[in-house]
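An overview of the molecular structure
In case you want the letters, here they are:
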Amino acid sequence: MCSGRVDPEFLLRAFSKGMDGVFIGGCRLNECNYVTHGNYDALNMVLLCRKIMEHIGLNPERLRIEFMSSGEGILLAEVINDFVKKVETLGPLGKGEEIGEDELKSKLEEVTRLIPYIKIVKREKLASRLEKVEEYDRFFSSEEIDKLFREVISYHIDPDKCQACMICLRKCPVEAIIGGKNQIHVIDQEKCIKCGTCLEACPPRFDAVKEISGKPVPPPIPEEKRTIVRKSKKNEDLTSSAHF
Ligand code: SF4
Ligand code: SF4
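This is a predicted model, so every value here is computed, not measured. (Residues numbered from 1 in each chain as written. Chains lettered and ligands numbered in written order. Predicted model: local features only at pLDDT ≥ 70, side-chain atom pairs only at ≥ 80, totals over all residues. Heavy atoms only, no water.)

1. Regarding the site of ligand 1
The environment of ligand 1 is made up of 13 residues, and the closest members are Cys172, Cys192, Cys195, Gly196 and Cys198. Class assignment of the residues belonging to the shell around ligand 1 gives a composition of 10 nonpolar, two polar and one charged. (Near = heavy atom within 4 Å. Nonpolar A, V, L, I, M, F, W, Y, C, P; charged D, E, K, R; others polar.)

Below is the structure:
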């Protein structure tokens, strides 16, 4: 109902499903019926997404946003016709950019997985309101987005520090943490959306979750080495064997 609901994940999903172009129509800026002015959010999301498309080699012209009122039918027809012509000249998605089908699929999957992380990192910018059209192009720079992907943060649980309290496991929004009672926890990097919740949730006295940037994440501790033997348990075992 509101263009403010538009998320880069929706846009990238449309491209993943083979759309050659995506058009978003929003109400005129400053004419929103609600205090939220979601069309400004939609604009920022689109500008971000266009730079992400550029980053993976897709032509950003395949994504367009325009603002108009419900009384501007002629404008809508003109804009849509122009957009369709543009997309036709660009050709089918990927082919027009000389990116192979498999490569495109994996690139789209990779960036889509990082959208929640990107939205957290860029939250302040995404909440701002651009008043001038001239600001649109330079709002997100290509260098800024390339850097963002280059320095992407990962989270890792230090197996020597994890106390298997299960707090992070319960709080992870995407069930990316594998663990259980008396089991050293590990993060499934494929599922992790890099929200940082586990870092905040891990009690400071354990300090087991680490942020990693610019270097590979250590491999997960093998399953057979994840069981924690508590000191009290060890002592019990010693007492019972001494008894015998
Ligand atoms: S950063 Fe931590 S809490 Fe967030 S998705 Fe990854 S493992 Fe889960
Ligand atoms: S919150 Fe920290 S100590 Fe507790 S299970 Fe998670 S990583 Fe381990």
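Having seen the model, we can carry on.
2. Some points on the confidence of the model for the protein
In the predicted model, the protein carries a mean pLDDT of 91, and 95% of its residues have values of at least 70. When pLDDT is averaged over each helix and strand of the protein, the minimum, 50, is found for helix α11 (residues 231-243) and the maximum, 98, for helix α9 (residues 167-171). Across residues 238-244, where pLDDT falls below 50, the model places zero contacts with residues more than four positions away in sequence or in other chains. (pLDDT = per-residue confidence, 0-100. Helix = DSSP H or I, 4+ residues; strand = E, 2+ residues; numbered from the N terminus. Contact = heavy atoms within 4.5 Å.)

3. A closer look at the environment of Gln189
Tracing the backbone through its elements, the reader meets Gln189 in the loop between β5 (183-187) and α10 (197-201). The spatial distance from the C-alpha of Gln189 to the C-alpha of Ile177 is 9.0 Å, given a sequence separation of 12 residues. Excluding residues that lie within four positions of it along the chain, Gln189 makes contacts with Arg113, Ser154, Tyr155, Lys194 and Val217.

4. Some points on the pattern of salt bridges
Pairing between side chains becomes possible if they bear opposite charge and their charged atoms approach one another. The tally for this structure, following the rule as stated, stands at 13 salt bridges. With a closest N to O distance of 3.5 Å, Arg50 and Glu61 form a salt bridge. Residue Arg50 is found in helix α2 (residues 38-55), and its partner Glu61 is found in the loop between α2 and β2 (63-67); the two are separated by 11 residues along the sequence. The partner of Asp82 in a salt bridge is Arg64, with the nearest N and O atoms 2.9 Å apart. (Salt bridge = Lys/Arg side-chain N within 4 Å of Asp/Glu carboxyl O.)

5. Describing the site of ligand 2
For ligand 2, the set of nearby residues contains 13 residues, the closest of which are Cys162, Gln163, Cys165, Cys168 and Cys202. By residue class, the composition of the shell around ligand 2 is 11 nonpolar, two polar and no charged.

6. Re the nonpolar core
Leu11, Leu43, Ile52, Leu58, Leu63, Ile118 and Ile157 are the most contacted members of the largest nonpolar core, which totals 61 residues. The residues touching Ile118, leaving out its near neighbours within four places in the chain, are Leu48, Ile52, Leu148 and Phe149. (Core = buried A, V, L, I, M, F, W, Y, C linked by side-chain atoms within 4.5 Å. Buried < 20%, exposed > 50% of the residue type's maximum accessible area, 1.4 Å probe, protein only.)

7. Here's the deal with the side chain of Asp7
With respect to the secondary-structure elements, Asp7 resides in the segment before α1 (8-16). Judged by relative accessible area, Asp7 falls into the buried class, the value being 10%. There is a polar contact of 2.8 Å between the side chain of Asp7 and the backbone nitrogen of Glu9. Among all residues touching Asp7, those that are not within four sequence positions of it are Ile115 and Lys119. (Polar contact = N/O pair within 3.5 Å; in protein donor to acceptor, adjacent residues only side chain to side chain.)

8. Structural notes on the pairing of strand β1 (residues 22-26)
On a regular strand, one side chain projects to one face of the sheet and the next to the other, so that they alternate. Here β1 shows a clear split, with Val22, Ile24 and Gly26 buried on one side and none of Phe23 and Gly25 buried on the other. Judged from the five bridges that link them, β1 and β2 form a sheet pairing that is parallel. What sits directly across from Val22, in β2, is Leu63. Tracing the backbone out of β1, into α2 and back to the parallel element β2 gives a crossover that is right-handed. (Pairing = 2+ DSSP bridges. Right-handed = clockwise from strand over helix to strand, strands pointing away.)

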